[in-house]
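# A closer look at the structure
So you can see what is in the structure, the chains are spelled out below.
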Amino acid sequence: MDTRCENSVSSPVDCQSVRQISRPPWGACQSGLRSRTTSAPAVAPNQAGGAVAFPPLQTYSEEESMMRDAVRKYAQERIAPFVPMMDENSAMDEEVIRSLFEQGLMGVEIDPEYGGTGSSFFSSILVIEELAKVDPSVAVLCDIQNTLINTLFVKLGTPAQKEKYLSRLSTDMIGSFCLSEAESGSDAFALKTRAEKHKDYFVINGSKMWISNAEHAGVFLVMANVDPSAGYRGITCFIVDRDTPGLEICKKENKLGLRASSTCPLNFDNVKVPEANILGEVGHGYKYAIGMLNEGRIGIAAQMVGLAQGCFDHTVPYTRQRVQFGKRIFDFQGMQHQIAHVATQIEAARLLTYNAARLKEAGRPFIKEACMAKYFSSEVATLTTSKCIEWMGGVGFTKDYPIEKYYRDCKIGTIYEGTTNVQLSTMAKFIDKEYDH
Amino acid sequence: MSGRVLVGVKRVIDYAVKIRVKPDNTGVVTDGVKHSMNPFCEIAVEEAVKLKEKKLVKEVVAVSCGPQQSQETIRTALAMGADRGIHVEVSGNDYETLGPLQVSKIMAALAKKEDAQIIILGKQAIDDDCNQTGQMTAALLDWPQGTFASEVTLDGDKIKVVREIDGGLETIKINTPAVLTADLRLNTPRYATLPNIMKAKKKKIANVKPADLGVNLTSKLEVLRVEDPPQRQAGMKVETVEDLVGKLKELGKV
C-alpha cells in the first residue's frame with residue numbers, strides 16, 4: 001500500500017492513492033465550476049484520455065457534476081421563491097416537498113428498482129450542500145431522508161420491509177427518525193420509551209422530542225427499549241406508520257431557525273406494533289443509531305458548508321457594490337482580510353466534508369473525520385453568518401435581505417445530531433487510541 | 001417512416017454570465033467561463049421528448065457540433081429524455097469559424113444518414129443570435145420549415161405549426177419531413193431529474209467527424225473585430241411635447 005503521507009502515526013491515514021486507481025477514467029474529471037467562488041478550472045489538466053493521478057478533493061465524476069448542476073438550477077428556480085414565506089410561516093410548502101420527490105432528491109442512494117436514483121453517498125452530499133445554499137431547512141429534510149431513513153431501510157430492511165417502504169420513501173413519503181426525548185438528548189441511550197412484548201406484537205409507550213420532519217412524515221423509525229434491565233442493549237428500532245392508533249404528533253416547536261423544518265414532540269399511548277415491524281434485530285437499536293448518525297454527521301457538515309457558502313454568496317456582491325468614502329467597501333483592507341479569512345474557513349470545512357464522504361465511500365475508517373467535518377462546518381457556519389451580517393451593515397439586520405435567516409439557521413448546527421462537545425469528546429477518544437502502541 | 005427526430009443542441013456561454021470581450025478584440029472570453037445548453041435548444045429537446053412521450057415519434061437523437069465539451073451538452077439532452085447522441089467533432093480553428101452554414105450542412109447530412117423525419121432546432125443561439133441554421137438546413141434538404149414555433153401539432157404525415165411573427169401568430173401546415181425551430185413559448189423545458197441523469201449515463205453518444213459526412217467546414221466569413229456595445233448615455237427629461245419635438249429635431253433624429 002503506497003503511502004504518500006508524511007505523518008507516521010499508526011492510525012488510518014488519509015491517503016488518496018489506493019482509492020484513485022479504481023476511479024472510472026471515462027470522461028473528464030472536472031473540478032467544480034462554481035460561478036462565483038474559487039477559480040477552479042473547468043477541466044483538470046493532463047487530460048489526454050486518463051484521469052489525473054491524485055486529483056484534488058474538488059474533483060467530481062461526470063455524474064456527480066451533472067447532479068450538482070441540476071440541483072443547483074432546480075433549487076434556484078423552484079425553491080428560492082418559497083424560502084422567505086416558509087420561514088415566516090414556519091411551514092414547508094407542499095409544492096416544494098412534491099418537487100423534491102419528483103426530482104429524485106429524496107432517494108439518491110435508493111436502487112432504481114425501488115424508484116430511487118441509484119447514485120452514491122457523495123452525490124447525496126453534493127445535493128444537500130446545494131440545497132442548503134438556498135434553504136438549510138429543505139436541505140435537512142433531504143438529509144434526514146437520505147442519510148438516516150433510507151440508509152436504515154437499505155441496510156437493515158427485510159425484503160418485505162424494503163418492498164413496502166423503499167419505493168414510497170423515494171417517491172412520496174417522508175420518514176422521521178425518533179431517538180431523542182425530553183430527558184435524553186446527548187445521553188441518547190438513557191431513553192425511556194418502552195416497548196413491551198406481547199405474543200407477536202409490541203406495545204410502545206412514551207414520548208419523543210425534537211423530531212424533525214414529523215409534521216409531514218408517513219413513517220417513523222422509533223427507538224424504544226424492550227428490556228430496560230439490559231440498559232442500552234434493549235434499545236430496538238421499530239417501524240411505526242403514521243396512522244397507527246395511539247401515535248400522537250404534537251404541535252411543532254416555534255424555533256429560532258430552520259423554521260420551515262417541522263420539529264415536533266411525539267406521544268406514544270399504547271401504540272401496537274407488529275413484530276414484523278422491527279427493523280434489524282431486537283436490542284441492536286443502539287448500534288444502528290450510532291452507525292447511522294456517524295454518516296448523518298457528514299450530511300449535516302454538508303448542510304453547514306452549503307449554508308455558509310450561500311450566505312457568503314449573497315453578501316460579497318453587496319460589498320462589491322456598496323460604496324462608502326468613495327470606494328467599494330470590499331476595497332477596504334480590513335474588509336478584505338475578514339472576507340478572505342472566512343472564505344478560507346469555508347474552503348477548509350468543505351474539504352473536511354468531502355474527504356470524510358470519500359473515506360466513507362471507500363469503506364475506510366471515517367468516524368473521526370466525520371466528527372471533525374461536522375464540528376468544524378457548524379462553527380464555520382456560525383462565524384460566516386455572523387460576519388456576513390456585519391459586512392452588510394444595517395441591511396444585514398433586516399428581514400428584507402436573506403442574510404439574517406442564515407444567521408438564525410446556522411445555530412442548530414452546533415447542537416443537533418451530536419453537539420459540538422460530543423463531537424470533540426469522540427474525536428479525543430480516537431486521538432487517544434492513535435497513540436496506543 | 002422512421003419516426004426519428006433529430007434535435008440540434010449548442011453549447012454556449014451560460015445566459016447568466018457577464019460577457020467580457022478579449023483584450024485583443026478578436027472575440028469574447030470563453031476560457032474558464034460557465035457554459036450550458038442554449039436555452040432555445042433546451043426548448044427544442046423538450047418538444048422532441050414530449051412528442052416521444054405522446055408516442056408520435058419513436059426516437060429522439062441529440063446532435064451537437066463542437067469540441068470535447070459538447071458531449072456535456074449532449075448528456076444534458078440525454079438526461080432530459082433523448083435516446084442517444086451524436087457528437088460531431090469540431091475543434092480548433094474549425095470551431096472558431098463554425099457557423100450556421102457549416103452546421104446546417106452537417107445537420108442535412110445527418111438527417112439523410114439517420115433517415116430523420118423531423119429536425120427540431122432552437123430558433124437561434126444566444127451567443128451569435130444568427131437565427132439561420134434551421135432555415136439553411138431546410139433549404140439544403142429542400143424540406144418545408146416551421147420556424148419560430150410556439151405550438152406544434154402532428155397531424156398524420158403533416159405538421160401544424162403556429163408561428164410567432166411580428167404581426168401576431170401565423171398558423172401553417174407543412175409536410176414531413178420538415179425542419180422546426182423552437183421559439184420561447186413553445187414549452188417549458190423540464191429539469192433533468194437525478195434518476196434521469198443516472199439513466200443518461202447508459203445512453204450512447206456516437207462520435208462522428210465532419211469529413212465522414214462529406215462536409216467541408218471552410219467558412220467564407222472572417223470576424224474582423226469584436227467590441228463592447230457603446231456605454232449607455234444618460235437621457236434627458238423634457239417638460240412638454242413641444243420640447244420633445246424640439247430636442248429630437250436638434251439631435252437630427254426628426
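Here the structure is a predicted model, which means the values were calculated and not measured. (Residues numbered from 1 in each chain as written. Chains lettered and ligands numbered in written order. Predicted model: local features only at pLDDT ≥ 70, side-chain atom pairs only at ≥ 80, totals over all residues. Heavy atoms only, no water.)

Along its length, chain A carries 12 helices and 12 strands. Looking at the 437 residues of chain A, the share that counts as buried comes to 53%. Within chain A, contacts between residues separated by at least 24 positions form 73% of all contacts whose residues are at least 6 apart in sequence. A total accessible area of about 18900 Å² is found for chain A, and carbon and sulfur atoms account for 56% of it. (Helix = DSSP H or I, 4+ residues; strand = E, 2+ residues; numbered from the N terminus. Buried < 20%, exposed > 50% of the residue type's maximum accessible area, 1.4 Å probe, protein only. Contact = heavy atoms within 4.5 Å. Areas by Shrake-Rupley, 256 points an atom, 1.4 Å probe, with all protein chains shown as cover.)

As a further point, take the packing of aromatic side chains. Applying the stated criterion across every chain, the model contains 12 aromatic pairs over all chains. Judged by centre distance (6.2 Å) and plane angle (85°), the rings of Tyr74 of chain A and Tyr191 of chain B are edge-to-face. Here Tyr74 of chain A is found in helix 2 (residues 62-79), whereas its partner Tyr191 of chain B is found in the loop between strand 10 (178-182) and helix 6 (194-202) on a different chain. Of the two residues, Tyr74 of chain A and Tyr191 of chain B, neither departs from the other in class, the shared state being buried. Look at Phe325 of chain A and Phe332 of chain A: their rings are 6.4 Å apart centre to centre, the planes differ by 75°, and that puts the pair in the edge-to-face class. Note on Phe332 of chain A: relative accessible area 25%, which makes it partly exposed. (Phe/Tyr/Trp six-rings, centres within 6.5 Å; stacked < 30°, edge-to-face > 60°.)

The next point concerns the interface of chain A and chain B. Counting residues at the interface gives 23 residues for chain A, matched by 16 residues for chain B. Between chain A and chain B, the buried area comes to about 1700 Å², and carbon and sulfur atoms account for 67% of it. Residue Lys201 of chain B pairs with Glu63 of chain A through a salt bridge whose shortest N-O separation is 2.2 Å. Applying the counting rule to chain A against chain B returns 4 residue pairs in polar contact (both at pLDDT 80 or more). The element that contributes the greatest number of residues to the side of chain A that touches chain B is helix 2 of chain A, accounting for 10 residues. When the residues that make up the side of chain A that touches chain B are grouped by side-chain class, the tally is 10 nonpolar, 7 polar and 6 charged. (Buried area = accessible area lost by both parts, 1.4 Å probe. Salt bridge = Lys/Arg side-chain N within 4 Å of Asp/Glu carboxyl O. Polar contact = N/O pair within 3.5 Å; in protein donor to acceptor, adjacent residues only side chain to side chain. Nonpolar A, V, L, I, M, F, W, Y, C, P; charged D, E, K, R; others polar.)

Residues and elements named next belong to chain A. With 105 residues, the main nonpolar core has Leu100, Leu131 and Phe238 as its most contacted residues. The greatest single-element share of this core, amounting to 9 residues, is contributed by helix 5 (residues 121-134). Residues in contact with Leu100, not counting those within four places in the same chain, are Tyr74, Ile79, Leu105, Met106, Leu131, Val138 and Leu141. (Core = buried A, V, L, I, M, F, W, Y, C linked by side-chain atoms within 4.5 Å.)

On to the pairing of strand 7 (residues 235-241) of chain A, then. Successive residues of a regular strand alternate their side chains across the two faces of the sheet. Residues and elements named next belong to chain A. Within strand 7, 7 of the 7 residues are buried, which leaves the element mostly enclosed by the surrounding structure. Where burial is concerned, the two faces of strand 7 agree: the one with Ile235, Cys237, Ile239 and Asp241 and the one with Thr236, Phe238 and Val240 are both buried. Examined bridge by bridge, strand 6 (residues 217-225) and strand 7 share 7 bridges and lie antiparallel to one another. Looking at the pairing, Phe220 lines up with Val240 of strand 7. The sheet contact formed by strand 7 and strand 10 (residues 278-279) spans 2 bridges and is antiparallel. (Pairing = 2+ DSSP bridges.)

Residue and element names in this part refer to chain B. Residue placement: Gln132 occurs in the loop between strand 6 (118-122) and helix 5 (133-141). Take Gln132: its relative accessible area is 33%, and that puts it in the partly exposed class. Sequence-wise, Gln132 and Arg11 are 121 residues apart; in three dimensions their C-alpha atoms are separated by 17 Å.

As a further point, take the confidence of the model for chain A. Here chain A shows a mean pLDDT of 89. Residues at 70 or above account for 88%. Note on residues 1-48 of chain A: pLDDT is under 50 here. Beyond four places in sequence and across chains, it has 88 contacts. (pLDDT = per-residue confidence, 0-100.)

Below, the discussion takes up the UniProt feature "domain: Acyl-CoA dehydrogenase/oxidase C-terminal" (unreviewed entry) in chain A. Summarizing the sequence annotation, UniProt attributes the feature "domain: Acyl-CoA dehydrogenase/oxidase C-terminal" (unreviewed entry) to residues 283-430 of chain A in the numbering used throughout. A distance of 26 Å separates the end C-alpha atoms of residues 283-430 of chain A, which is 75% helix and 3% strand. (UniProt positions renumbered as here; feature names shortened; annotations may be inferred.)

For the rest of this paragraph, the subject is helix 7 (residues 159-171) of chain A. All names here are of chain A. Counted at 1.5 Å a residue, the expected span for helix 7 with its 13 residues is 18 Å, and the 18 Å between its end C-alpha atoms agrees. At Tyr165, helix 7 is deflected by roughly 30°, the largest bend along its length. What helix 7 keeps buried is the set Gln161, Tyr165, Leu166, Leu169 and Ser170. The elements touched by buried residues of helix 7 are helix 4 (94-102), helix 6 (136-156), strand 3 (174-178), strand 6, strand 7 and strand 10. (Expected span 1.5 Å × (residues − 1). Bend = angle between axes of the 7 residues up to and from the residue.)

On to the sheet that holds strand 8 (residues 158-165) of chain B. Residues and elements named next belong to chain B. Taken together, 9 strands build an open sheet; the order of strands is 9-8-7-10-6-1-4-5-11 and the sheet is mixed. Either end of the sheet is taken by a strand with one partner, and the two such strands are strand 9 (168-175) and strand 11 (205-208). Direction aside, neighbouring strands of the sheet carry axes that sit 30° apart on average. Judged from the 8 bridges that link them, strand 8 and strand 9 form a sheet pairing that is antiparallel. (Axes fitted to C-alpha atoms, helices over the stretch in contact; angles between N-to-C directions.)

This part takes up the side chain of Ser377 of chain A. Residues and elements named next belong to chain A. Checked against the element boundaries, Ser377 lands in helix 10 (residues 367-392). We classify Ser377 as buried; its relative accessible area is 1%. Once you skip the residues sitting within four places of it in the chain, Ser377 turns out to touch Ala301, Met304, Val305, Ala349, Thr353 and Met372.

Next up on the list: the domain arrangement of chain A. All names here are of chain A. Per the domain assignment, the segments making up chain A are domain 1 (62-174), domain 2 (177-282) and domain 3 (286-434). Relative placement of domain 2 and domain 3: their C-alpha centres are 30 Å apart. Counting residues at the interface gives 16 residues for domain 2, matched by 13 residues for domain 3. A combined buried area of about 1100 Å² lies between domain 2 and domain 3, and 70% of that area is made up of carbon and sulfur atoms. Ranking the residues of domain 2 by area buried against domain 3 places Phe189, Leu256 and Leu258 at the top, with a combined share of 41%. Along the contact surface separating domain 2 from domain 3 lie 0 salt bridges. Where domain 2 touches domain 3, the interface holds 4 residue pairs in polar contact (both at pLDDT 80 or more). Its residues assigned to classes, the side of domain 2 that touches domain 3 shows 10 nonpolar, 3 polar and 3 charged. (Domains from an automatic or database assignment.)

What follows deals with the environment of Asn25 of chain B. Residues and elements named next belong to chain B. You can see Asn25 is positioned in the loop between strand 2 (11-13) and strand 3 (35-37). As for Asn25 and Asp228, which are separated by 203 residues in sequence, their C-alpha atoms are 9.0 Å apart. In this structure, Asn25 is in contact with Arg225, Val226 and Glu227, ignoring residues within four places of it in sequence. Reaching out from Asn25, the side chain makes a polar contact with the backbone oxygen of Val226 at a distance of 2.7 Å.

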